[in-house]
Amino acid sequence: MVVELGSIDKETLQLWGEENHCYVNSLSSQEMESLSALCDTFLPAVDVKQAAAIDKDIADFFRASASAAGTPERLGGLMSERLKHPKKWLVRLCLWLLSTCIGSLILCGRYCFSSKFPYMHSFTQLPQNKREAVLVSWSLSYFYHLRMLYKAMKLLIFLVFFTQVNEKNENLSWKAIGYKGPDPEFKTKSMQRKTLRNEGLNDDDDEGQNDDGHEEEAELYGPLYKGLINMQLPRNIVADSLRQVGFPVSVRNKRNAAPSSIASPSLVIKCDAVVVGSGSGGGVIAGVLAKAGYKVLVLEKGSYCARSNLSLLEGKTMDQMYLAGGMLATDDMGVILLAGSTVGGGSTINWSASIKTPKHVANEWCDEYELKLFESDLYKEAMEVVCERMGVQSEVEEEGFNNAVLRRGCKELGYPVNNIPRNSPPDHYCGWCCLGCKDGSKKGTSETWLVDLVNSGNSAILPGCEAIEVLHKKRRDRNVATGVAFEFQYMGAKDICVVESKVTIVACGALSTPNLLKRSGLKNANIGKNLHLHPVTMAWGYFPKTSSSGEWPEEKKTSYEGGIMTAMSTTVGNFGKSGYGAVIQTPALHPGMFSSLMPWVSGADIKLRMCKFSRTAHIFVLARDQGSGTVNSPYSISYQMEAMDEENLKKGIEKILRILAAAGAEEIGTHHCKGKIINVKKASSEEFERFVKEESSRPLRDLSTPLSSAHQMGSCRMGIDPKTSVVNQMGETWGVEGLYLADTSVFPTALGVNPMVTVQAIAYCTAQSVLDVLRRKKMKSLLRFKCVPKSFRSVIDGQDFIKLHLNRLRRNQLRPQPLSLRFEPWCNVVTFSLFAWILLFHLMLVQGIDFWRQGSGREQVTIIARGILSTPSLLKRSDLKNQNIGIIREPDGRDMGCRGTVFGRYKCCSSCIRCESYGHRPGYCYCTAQSVLEVLKGKEE
């Protein structure tokens, strides 16, 4: 059965991104009783008279409780199936304890006692005021685990309550807090697209689609739809789809009823390169390899959400496009983590910032870590290429609310403020990019590099497939990567397939890559270590709609609309000194994340704060952290922030509070659990200074103030020594040949700014190394199966090799050409004949160019192949002054010595190979032959 790739999954593509997941709640009745009590304590029904509410929407919001909205049931399902935190068992234990009197006494203390019988109550039996007092005591408790419990429950409850929607995709609080939900313009366009899509399904049989039809399909189903493979289809259909692209596929016998395994997979797919992950690293390297003509298979754990299938709903998007549904944190709840898990990875849901590698960081990596890659022309070229491909520019036509506040405050105070380069056009005014780009104007990898991959016609993307092991074999004295085993859900069970590849690239991100390497048997002690998080903390300022000036900020602007990042201040950057400082920027906060970060002191207070949501500006400080952590698994991360990082964040908070006040905020505050606020308009200068000093000096490592991270890096860092690093400068792992890493895990240290451009540039450089390997493998295969007869496919003597091809030359009666070559020296044929003769006979037999042993004075090109010891001495005797001649490079050094053109001479021996660990490879000679031919053709013309 043959089915056209790109059309088989249109109905499925319509559903991807639209399905609603209903998680089964497995919590016990006692646990649910406590969970419901906690939900109603954080978000109780409040008497509207106390809140002085007038508007009907606000009144309804205050009267509603979390349990009345169904929050406990939804949260129970998420905790049962979606939450992966290693301390989840402890949360469930506490829920059970809170349902008992003894357990409540242990966790709640004196608040459980009463003057009335039975004199001691469980948490669920306590009145609202006592339950609120218990939560406040937890937030400030001496016991760290009680602070963890408070922070975890607050985060989960608020995230679920303010993101849950009904059948109309509405939330009962949104009108009261001034939130529009998904972009109104997108809603209208989405309805029009659905109509067109339904009409298009009836026209699927029409033939002769023109270019406009293809563009319309790309708009409806996404620019990658022709390259997607739906693994939920029967195995034979999947195999046929892959074969159409050109992948050799073998299917397991249907009679074998045993479950699939790595030893007995349901499918075996062969390709040139398999890339695990489709984010900023994997997407780039996959696109480069596919565009070069190689067959590339991309495995992505997440699903694909085309523009038309985006919901732009916070809760739904986080569940579908974020790792662990956005409910990810370090083991001690010290840092909340956000990481993409969808086709396009983090570039699909990031905030558009596209900043090149800071010069002081590149210098540090080059000088202190001896990574010469970061001062090379190749890396500079890579940054230019990726920025051009993403359309990076720094102009902005209209600034959003948060960024306008930051810019105005900085100018008032004389702080430096600059435009942030973005991978979106100047008129891109969208605050929903953290939920996917509605029109494709933000150029993530799913709109750029992966489009190149699909357009190549020789590659494919497999969404919903998670790599479980990198396969490698022992060959001679080293391990060599042979492919990847991956699993996916098929008909309610896990199915396992295997990809056999010439090279393997892992780009799962800094949180997932270490776990995959460990499961695959790699023993490098640095795997998972040296994790950096760019910790972030925030402050906020409230700007009423009726400002005193009546002009700024404009009443129409809201905190969640406009370009997410357009302005940045480096006033605490410390770039000129150690380079370890902090930058000040603005976040994207929709109601779920906004509410989970804001301080809670009572149920009524949080509802009042939420009613100011649309006019509350947030500004954050991001530290280039020296502290580090360890990735034990994608869901188990330990991290310890150093004192210097904490001080940099404190300095940033102090600057932010001043910026907000200078910009005209009426109220300002931080996220510290005490929730202190100051009215800037009414406070004296002394009161203001005292408030700023107090709030900016609060500790940040005790869970009293939430810290966040959207950048994870360094967990498999690059280096020159396998004792201190996981990969070399070409991105290849020390332990397994042919296994490359191409994500933020290879960063030697924290970067200090958004890492998207840097990881894409590194991936681009790694792609060049992979291309070299694939070319060598291709040449080796060509030599083995085409250039040498069967009787000579084993190891042959150099002299016989020469005689064989000389006879072939005579039989073909090739006449000497006007151009001739001199091979120096003839006597060295036996030692290095393989390399030299690959080049020479390629010229003679394929291009018809003759050569003579001795020069006649008419030769145009000289080729030297004397070997690594003799070639340098000959070049020096010939008065060549290049300082790299004769220098033996460190293993995997980027410097090629005198490889390539040296004053008209070409070399094709092991002296020109980049790294001694590769041994003698004929691919370099083949590539050199191409260069020689270009010169000869130019001279002939």
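Conventions and cut-offs
Residues numbered from 1 in each chain as written. Predicted model: local features only at pLDDT ≥ 70, side-chain atom pairs only at ≥ 80, totals over all residues. Heavy atoms only, no water. Helix = DSSP H or I, 4+ residues; strand = E, 2+ residues; numbered from the N terminus. Buried < 20%, exposed > 50% of the residue type's maximum accessible area, 1.4 Å probe, protein only. Contact = heavy atoms within 4.5 Å. Areas by Shrake-Rupley, 256 points an atom, 1.4 Å probe, with all protein chains shown as cover. Phe/Tyr/Trp six-rings, centres within 6.5 Å; stacked < 30°, edge-to-face > 60°. Lys NZ or Arg CZ within 6 Å of the ring centre and 35° of its normal. Patch = residues over 30% accessible without salt bridge, like charges linked within 9 Å, V, L, I, M, F, W, Y side chains within 5 Å. Salt bridge = Lys/Arg side-chain N within 4 Å of Asp/Glu carboxyl O. Lys, Arg positive; Asp, Glu negative; His and termini not counted. Charge placed at Lys NZ, Arg CZ, Asp CG, Glu CD. Axes fitted to C-alpha atoms, helices over the stretch in contact; angles between N-to-C directions. Parallel < 35°, antiparallel > 145°, perpendicular 65-115°, else oblique. Left-handed = near helix turned anticlockwise from the far one by under 90°. Nonpolar A, V, L, I, M, F, W, Y, C, P; charged D, E, K, R; others polar. Core = buried A, V, L, I, M, F, W, Y, C linked by side-chain atoms within 4.5 Å. Expected span 1.5 Å × (residues − 1). Pairing = 2+ DSSP bridges.

Per an unreviewed UniProt entry, the recorded name for the protein chain is Long-chain-alcohol oxidase FAO4A, and the organism is Citrus sinensis.

Some details on the overall build of the protein chain
In terms of regular secondary structure, the protein chain is built from 30 helices and 25 strands. Counting all 941 residues of the protein chain, 60% fall into the buried class. Considering only residue pairs separated by 6 or more positions, the protein chain has 74% of its internal contacts joining residues 24 or more positions apart. For the protein chain, the computed accessible surface area is about 38700 Å², with 50% contributed by carbon and sulfur atoms.

Thoughts on the packing of aromatic side chains
In the structure shown here, the tally under the stated rule is 22 aromatic pairs. Relative to Y379, the ring of F374 has its centre 5.0 Å away and its plane inclined at 70°; by these criteria the two rings are edge-to-face. This pair shows no difference in class: F374 is buried, exactly as Y379 is. A cation over an aromatic ring shows up here: R110 above the ring of Y111, its NZ or CZ 4.4 Å from the ring centre. Across the ring face of Y580, the terminal group of R624 is positioned such that the distance to the ring centre comes to 3.9 Å.

As for a positive patch on the surface
Taken together, the side chains of K473, R475, R476, K777 and K780 define a basic patch exposed on the protein surface. For the positive patch, the secondary-structure elements that each account for two or more residues are strand 8 (466-475) and helix 26 (756-787). Within the secondary structure, R476 sits in the loop between strand 8 and strand 9 (478-490).

A few points about the pattern of salt bridges
Here the structure, examined in full by the defined rule, presents 28 salt bridges. A salt bridge links R624 to E364, with the shortest nitrogen-to-oxygen separation between them at 2.8 Å. Of this pair, R624 sits in the loop between strand 14 (616-623) and strand 15 (628-633) while E364 sits in helix 17 (residues 359-367); the two residues are 260 residues apart in sequence, bridging distant segments of the chain. Of the residues examined, R624 reaches a relative accessible area of 2% and is grouped as buried. E364 gets classed as buried once you look at its relative accessible area, which sits at 9%. Residues joined by salt bridges that share partners form a network here, namely K676, E694, E695 and R698.

Quick look at the packing of helix 5 (residues 71-82) against helix 9 (residues 144-161)
Look at helix 5 against helix 9: their axes get within 10 Å of each other, and the N-to-C directions meet at 120°. Overall, the two elements helix 5 and helix 9 adopt an arrangement that is oblique. Between helix 5 and helix 9 lies a crossing of right-handed hand. Along the contact surface, helix 5 presents T71, R74, L75, L78 and M79, while helix 9 presents L156, I157, V160 and F161. Partitioned by chemical class, the residues of the contact of helix 5 with helix 9 number 7 nonpolar, 1 polar and 1 charged.

Focus: unusual backbone geometry
The omega torsion of the bond from F117 to P118 falls at 10°, within 30 degrees of zero and hence cis. Relative to the helices and strands, P118 is located in the loop between helix 7 (101-108) and helix 8 (128-139). Phi is positive for S352, close to 80°, though the residue is something other than glycine. Mapping S352 onto the fold places it in the loop between helix 16 (346-349) and helix 17. Of the residues examined, S352 reaches a relative accessible area of 3% and is grouped as buried. A positive phi angle, near 55°, is found at M491, a position not held by glycine.

Overview of the nonpolar core
With 195 residues, the main nonpolar core has W138, M231, L242, L297, F486 and I505 as its most contacted residues. When sequence neighbours within four positions are dropped, the list of residues in contact with M231 reads V238, L267, L462, C465, F486, F488, Y490 and C497. If you look at the next biggest cluster of nonpolar residues, it comprises 49 residues, including V405, A510, I653 and I668.

Side note on helix 19 (residues 401-413)
With 13 residues, helix 19 extends 19 Å between its outermost C-alpha atoms, agreeing within 8% with the 18 Å of an ideal straight helix rising 1.5 Å per residue. Among the residues of helix 19, F401, N402, N403, A404, V405, L406, R407, G409 and C410 are the ones counted as buried. Positive backbone phi, approximately 80°, marks G414, located one or two places after helix 19.

Comments concerning helix 24 (residues 643-662)
Here helix 24 spans 29 Å end to end across 20 residues, near enough to the 28 Å set by a 1.5 Å rise per residue. Counting buried residues in helix 24 gives 14 out of 20 residues, a clear majority hidden from the surface.

Comments concerning a nonpolar patch on the surface
A grouping of W89, L93 and W96 is seen on the molecular surface, where their side chains present a nonpolar patch of about 350 Å² in accessible area. When you line up the elements, W96 lands in helix 6 (residues 88-98).

So, the pairing of strand 17 (residues 667-670)
Judged by which residues are buried, strand 17 turns out to be covered on both faces: E667 and G669 on one side and I668 and T670 on the other are all buried. Relative to strand 17, strand 11 (residues 536-542) is paired through 4 bridges, and the arrangement is antiparallel. By the bridge assignment, Y542 is partnered in strand 17 with E667. As defined by bridge partners, strand 17 adjoins strand 18 (residues 677-679) across 3 bridges and the pair is classed as antiparallel. Counted as the bridge partner of E667 is N679 from strand 18.

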